[in-house]
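# A closer look at the structure
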Amino acid sequence: MKGRWIICVMSYEIDGKEIPKGRMEYSYARFPVNRLWRLATAEEIETKKCHKGNYYNLKNV
């Protein structure tokens, strides 16, 4: 199954855990599940960075 990189465009909290703006995840869903996430561009995917096991990119967010 082929997935896609998605990126968080607005910070939010879920069950006391903060999801910061710019966080990236690899998802197998066809589209992001809500308006807080969008598909990452090819440039964002190439320049993503890793910090403590989490990927992020703040370039276009």
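Residues numbered from 1 in each chain as written. Predicted model: local features only at pLDDT ≥ 70, side-chain atom pairs only at ≥ 80, totals over all residues. Heavy atoms only, no water.

### Quick word on the pattern of salt bridges
Pairing is possible between side chains that carry opposite charge, provided their charged atoms lie close to one another. So the rule is basically this: Definition used for salt bridges: Asp or Glu carboxyl oxygen within 4 Å of a side-chain nitrogen of Lys or Arg. For the purposes of this entry, the term helix denotes a DSSP run of H or I that reaches at least four residues, the term strand denotes a run of E that reaches at least two, and both are numbered from the N terminus.
Counting across every chain of the model gives 2 salt bridges. Close ionic contact of E44 with R38 constitutes a salt bridge, the shortest N to O distance being 2.7 Å. Between K59 and E43 there is a salt bridge, with the nearest N and O atoms lying 3.0 Å from each other. Here the residue K59 occupies a position in the segment after β7 (54-56), and E43 occupies one in helix α1 (residues 42-46), the gap between them amounting to 16 residues.

### A short note on the pairing of strand β4 (residues 23-27)
Note the cut-off: A pair of strands is labelled paired if DSSP reports no fewer than 2 bridges between them.
The pairing of strand β1 (residues 4-8) with β4 spans 4 bridges and is antiparallel. The partner of I6 across the bridge, within β4, is E25. Sheet analysis places β4 next to β7, joined by 2 bridges and oriented antiparallel. Paired with R23 across the two strands is Y56, which belongs to β7.

### A short note on the sheet that holds strand β6 (residues 49-51)
Short version of the rule: Axis lines are fitted to C-alpha atoms, over the contacting stretch for helices. Their N-to-C directions set the angle, which ranges from 0 to 180 degrees.
Within the open sheet, the 5 strands sit side by side as β5-β1-β4-β7-β6. Their pairing is antiparallel. For this open sheet the edge positions go to β5 (37-39) and β6, each flanked by a neighbour on one side alone. The mean inter-strand angle of the sheet, taken between neighbouring strand axes irrespective of direction, is 45°.

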